[in-house]
Amino acid sequence: MAKLYKEYFKIDKEFFPVMDEKVFRENIGLWKKFYPHETFQNMLKTAVELLSRRKKLSMWVDGAYGTGKSYAAIVLKHLFEDSVDSIRPFLSKQILIPYRDAFIAQREKGKYLVVWKSQTTDIKTGTQLMIAVELAIREKLKEEFGDNAYYGKKSLTASAKKAVNDSAYNWQDIFDNSPLGLCDDYDSLEAFKEEVESGNLKACNLVAKIFREKGWGFFTVIDDFKAWIKDIIEGNNLQNTGIIFIWDEFTTYLKDNPNDDVLQPLSEYCKEQPFFMCLIVHKDSSWLSNVGEDTYNRIVHRYHSMEFHVS
């Protein structure tokens, strides 16, 4: 008698056609079901090199749709930020043992600030990229450290001084109409600017708050932005560990900015500070031909790069 299909196959009730952060938030422990195939082992090996800073490069992962890049990236996120005791069983799988001790040694240096972001649909310029990174880091600092989070006093003062003297903003209108009540606390716009120029922390924080509430990037120059990241790392005692910024579905930004002058210095900043980017990219001929193979390869050459396959 012929057998039915169901006698040959069993459907996993925890199978999800699309793996994203929402799925993992709602299904605690799901990441541990990931099968660490050969390509993932290469990612883990690269992660050890990244954290140990033996090679001072950020990480670049590209591949076709449906290969499991996002799933693998979320697994890395858990390995970077979950407790050492909770990740040890996963890393003790027979095929991961060669990487386990080296990876755990890096994790035992202390806590990393692990930032996760997905999609770049609304990010068209380098300035918008810095805005997105800044806001994501601030949000993670608040989540991780609460009232003890340090948001950058040194860089805050310098950037606030630049901001209040930037004629691109109508400061008189901001002063007169801000819901923060600037005109109640200061006699005039000039008086407010004088407080900022003198380095008054309250006034500088108000400038930063105005920019965040309006969705403006407080740091529009890459050198200022890097100075802020350095300040954040030192102020939150992350010097021995660092910030790991994992950005899934980064593809759209590359389509719009193949020659961008922000991504390169940002991704290479790990040569100076423990700020590591991990970019997950869908590589497809439909857009790659517009960017150009030479340009794409020049971008990728700056990273620990790997092609992601289903092994």
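Residues numbered from 1 in each chain as written. Predicted model: local features only at pLDDT ≥ 70, side-chain atom pairs only at ≥ 80, totals over all residues. Heavy atoms only, no water.

## A closer look at helix α5 (residues 97–107)
In step 1: What α5 keeps buried is the set Tyr 99, Phe 103, Ile 104, Gln 106 and Arg 107. End-on, the buried residues of α5 take up no more than an arc of 150°, which puts them together on one face. Exposed positions of α5 whose direction lies more than 90 degrees from the buried face are Pro 98 and Asp 101. (Buried < 20%, exposed > 50% of the residue type's maximum accessible area, 1.4 Å probe, protein only. Helix = DSSP H or I, 4+ residues; strand = E, 2+ residues; numbered from the N terminus. Arc of directions from axis to C-beta.)

## A word on the side chain of Thr 67
In step 1: Relative to the helices and strands, Thr 67 is located in the loop between β1 (59–63) and α3 (69–81).
In step 2: Here the side chain of Thr 67 touches Ala 64 through a polar contact of 2.8 Å, landing on its backbone oxygen.
In step 3: When neighbours within four sequence positions are excluded, Thr 67 is seen to be in contact with Phe 308 and Val 310. (Polar contact = N/O pair within 3.5 Å; in protein donor to acceptor, adjacent residues only side chain to side chain. Contact = heavy atoms within 4.5 Å.)

## Thoughts on the packing of aromatic side chains
In step 1: Evaluation of the coordinates by the stated rule reveals 14 aromatic pairs.
In step 2: Judged by centre distance (5.2 Å) and plane angle (55°), the ring pair of Trp 31 and Phe 90 falls under tilted. Highlighted residues: Trp 31 in the loop between α1 (21–26) and α2 (38–52) and Phe 90 in helix α4 (residues 84–91), separated in sequence by 59 residues. The two residues Trp 31 and Phe 90 agree in class, both being buried.
In step 3: Here Phe 250 and Tyr 253 contribute two aromatic rings whose centre-to-centre distance is 5.4 Å and whose plane-to-plane angle is 45°, an arrangement assigned as tilted.
In step 4: Classification of Phe 250 as buried rests on a relative accessible area of 0%. (Phe/Tyr/Trp six-rings, centres within 6.5 Å; stacked < 30°, edge-to-face > 60°.)

## Some remarks on the nonpolar core
In step 1: In this structure, Ile 137, Trp 171, Phe 192, Val 207 and Phe 275 are the most contacted members of the largest nonpolar core, which totals 62 residues.
In step 2: Once you skip the residues sitting within four places of it in the chain, Val 207 turns out to touch Ala 160, Ala 163, Val 164, Trp 171, Phe 192, Val 196 and Phe 218.
In step 3: Grouped together as the second largest cluster of nonpolar side chains are 39 residues, Leu 30, Leu 44, Tyr 112 and Ile 244 included. (Core = buried A, V, L, I, M, F, W, Y, C linked by side-chain atoms within 4.5 Å.)

## Remarks on the environment of Gln 273
In step 1: Within the fold, Gln 273 resides in the loop between α14 (263–267) and β4 (275–282).
In step 2: Classification of Gln 273 by relative accessible area gives buried; the value is 12%.
In step 3: For the pair Gln 273 and Arg 53, spaced 220 residues apart in the sequence, the C-alpha separation amounts to 10.0 Å.
In step 4: With near-sequence residues (within four places) excluded, Gln 273 lies in contact with Arg 53, Lys 230 and Ile 233.

## Quick word on the state of the cysteines
In step 1: Scanning the model with the defined rule gives zero disulfides in all.
In step 2: Just so you know, Cys 204 is unpaired, no disulfide at all, and the nearest cysteine sulfur is the one on Cys 183, 19 Å from it.
In step 3: Using a relative accessible area of 0% as the deciding quantity, one classes Cys 204 as buried.
In step 4: The thiol of Cys 278 is unpaired, and the distance to the nearest cysteine sulfur, on Cys 270, comes to 12 Å.
In step 5: Cys 278 gets classed as buried once you look at its relative accessible area, which sits at 5%. (Disulfide = S-S within 2.5 Å.)

## Brief notes about the sheet that holds β1
In step 1: Pairing is parallel across the open sheet formed by five strands, whose spatial order is β2-β3-β4-β1-β5. Edge positions in the sheet fall to β2 (113–118) and β5 (304–307), since each has one partner strand and no second. Mean inter-strand twist for the sheet, computed between neighbouring axes without regard to direction, equals 10°.
In step 2: Pairing analysis gives five bridges linking strand β3 (residues 243–248) to β4, with the strands arranged parallel. If you follow Ile 243 over to β4, its bridge partner there is Phe 275.
In step 3: Across the sheet, α2 is in contact with β1, β3, β4 and β5; its angle to β5 comes to roughly 175°. (Pairing = 2+ DSSP bridges. Axes fitted to C-alpha atoms, helices over the stretch in contact; angles between N-to-C directions.)

## Examining α4
In step 1: When we look at burial in α4, the residues that qualify are Val 84, Ile 87, Phe 90 and Leu 91. Projection of α4 onto a plane perpendicular to its axis shows the buried side chains occupying an angular sector of 115°, all on one side. Of the exposed residues in α4, those oriented more than 90 degrees away from the buried face are Asp 85 and Pro 89.
In step 2: Looking at the buried residues of α4, the elements they touch are α2, α3 and α5.

## Comments concerning the pattern of salt bridges
In step 1: As enumerated under the stated definition, the model contains 11 salt bridges in all.
In step 2: For Lys 111, the salt bridge identified is with Glu 144, shortest N-O distance 3.1 Å. Placement of the pair is Lys 111 in the loop between α5 and β2 and Glu 144 in helix α6 (residues 126–145), with a sequence separation of 33 residues.
In step 3: Overall, Lys 111 belongs to the partly exposed group, its relative accessible area being 42%.
In step 4: A salt bridge links Arg 138 to Glu 134; its shortest N-O distance comes to 3.1 Å. Highlighted residues: Arg 138 and Glu 134, both in helix α6, separated by four residues, approximately one helical turn.
In step 5: Residue class for Arg 138 comes out buried when judged on its relative accessible area of 8%.
In step 6: Overall, Glu 134 belongs to the buried group, its relative accessible area being 2%.
In step 7: A network of salt bridges, in which partner residues are shared, links Lys 77, Glu 81, Lys 111, Lys 140, Glu 143 and Glu 144. (Salt bridge = Lys/Arg side-chain N within 4 Å of Asp/Glu carboxyl O.)

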